[in-house]
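Here is what each chain is made of, one letter per residue.
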Amino acid sequence: MKPILTIAAISDIHVNKYPIEKGFFERVNDTADLLIIGGDMNNGKKEEVEHFLDLVSGVRIPMVIVFGNHDCDTDNIEGIKEMLLKNPLIKTLDGEYVEYELNGKKLGIAGAKGFGGGFTPYRMASRGEQATKSFVEEEDREVLKLEAALHRMDSAMPDFKIALTHWAAFEETIEGESRELYIPLGSSRLGDAIEQVTPHLALSGHAHHGPQGIKKARGKISACNIAYRVNEGKMPLFDFLPDGDVVLRHLESH
């Protein structure tokens, strides 16, 4: 079955860590209609952001970006946004919704950074010392951002819907990581919000040792870990089919 549209999506590329070249991104021009970057591009340093922008400078299709924890290292997200948006093909989502018309169909993407907190029933409690409360308050803020973006997407009723976070929204996308790390790896509250709008695809990263492939989160939501290392350095491509199904394949490296 021929796909209606194809989305390329990758996260956790850590340009200061992995030897990624411009060709890794430029090859999506001939294989995808849109490129998603799911956070952790760099550590927020100006020279690293410039390096990332150089890597994607040959991309000719729209790009959608959410931030990850490492991008926030310098506490200068607004400055990074300003740098990224100098490329007119880039849109950043920090609790926003964006829509594209691709091949005669509307694709909607709702995105936010997300945060940790753990997965029911083993979640952080908002009791105790202030440091713990501050952690949960950050989770609250990110969940509210995501909910707002998802609500706008649901109201817009695009033909295809993608929920995008950096932190994991579903346990199924981080299986293989140590259970002790589940609290800082994601939040089931993100998943609760996503479940309400039943997107065609939920994308996240953050867990470098999670499972490869599309998982049926909570038995019904197609969810995938798009981290660079999880996908063995290959670009994931998601084909959206006429029957509403989504199929994953990988763009082989040269």
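Placed above this text is the structure.
Structure report, in brief. All values derive from a computational prediction rather than experimental measurement.

### Focus on the packing of helix H4 (residues 130-156) against helix H6 (residues 188-195)
Two elements in contact, H4 and H6, have axes separated by 10 Å at closest approach and are oriented at 15°. Our classification of the angle between H4 and H6 gives roughly parallel. When you trace H4 past H6, the crossing you get is right-handed. Contact with H4, carried on its side by Glu139, Asp140, Val143, Leu146, Glu147 and Leu150, involves Arg189, Leu190, Ala193 and Ile194 of H6 and no other residues of that element. Broken down by class, the residue content of the contact of H4 with H6 amounts to 6 nonpolar, no polar and 4 charged.

### Brief notes about the side chain of His14
Secondary-structure assignment places His14 in the loop between strand E1 (5-10) and helix H1 (22-26). Other than its neighbours up to four places away in sequence, His14 contacts Asp40, Met41, His70 and His208.

### A look at the environment of Tyr182
On the secondary structure map, Tyr182 appears in helix H5 (residues 182-185). Classification of Tyr182 by relative accessible area gives buried; the value is 6%. A C-alpha to C-alpha distance of 33 Å links Tyr182 and Leu241, two positions 59 residues apart in sequence. With residues up to four places along the chain from it excluded, the contact list for Tyr182 reads Gly118, Phe119, Glu171, Ile174, Glu175, Gly176 and Glu177.

### Notes on the environment of His206
Residue position: His206 is located in the loop between strand E10 (201-204) and strand E11 (214-217). Once the C-alpha coordinates of His206 and Thr165 are considered, the two residues, 41 residues apart in sequence, prove to be 9.2 Å apart. In terms of polar contacts, His206 uses its side chain to reach the side chain of Asn69, at 3.2 Å. Side-chain polar atoms of His206 contact the side chain of Trp167, separated by 3.3 Å.

### Considerations on the pattern of salt bridges
Within the structure shown, the criterion is met by 18 salt bridges. The partner of Asp140 in a salt bridge is Arg189, and the shortest N-O contact between them spans 2.5 Å. Note that Asp140 is positioned in helix H4 and Arg189 in helix H6, a separation of 49 residues in sequence. Judged by its relative accessible area of 28%, Asp140 is partly exposed. In this structure, the salt-bridge partner of Asp192 is Arg218, at a minimum N-O distance of 2.8 Å. One end of the pair, Asp192, is in helix H6; the other, Arg218, is in the loop between E11 and strand E12 (221-225), with 26 residues separating them in the sequence. The class of Arg218 is partly exposed, set by a relative accessible area of 32%. Taken together, the salt bridges that share partners define one network made up of Glu78, Lys81, Asp94, Lys113, Glu138, Arg141, Glu142 and Lys145.

What counts as what
- Residues numbered from 1 in each chain as written.
- Predicted model: local features only at pLDDT ≥ 70, side-chain atom pairs only at ≥ 80, totals over all residues.
- Heavy atoms only, no water.
- Axes fitted to C-alpha atoms, helices over the stretch in contact; angles between N-to-C directions.
- Helix = DSSP H or I, 4+ residues; strand = E, 2+ residues; numbered from the N terminus.
- Parallel < 35°, antiparallel > 145°, perpendicular 65-115°, else oblique.
- Left-handed = near helix turned anticlockwise from the far one by under 90°.
- Contact = heavy atoms within 4.5 Å.
- Nonpolar A, V, L, I, M, F, W, Y, C, P; charged D, E, K, R; others polar.
- Buried < 20%, exposed > 50% of the residue type's maximum accessible area, 1.4 Å probe, protein only.
- Polar contact = N/O pair within 3.5 Å; in protein donor to acceptor, adjacent residues only side chain to side chain.
- Salt bridge = Lys/Arg side-chain N within 4 Å of Asp/Glu carboxyl O.

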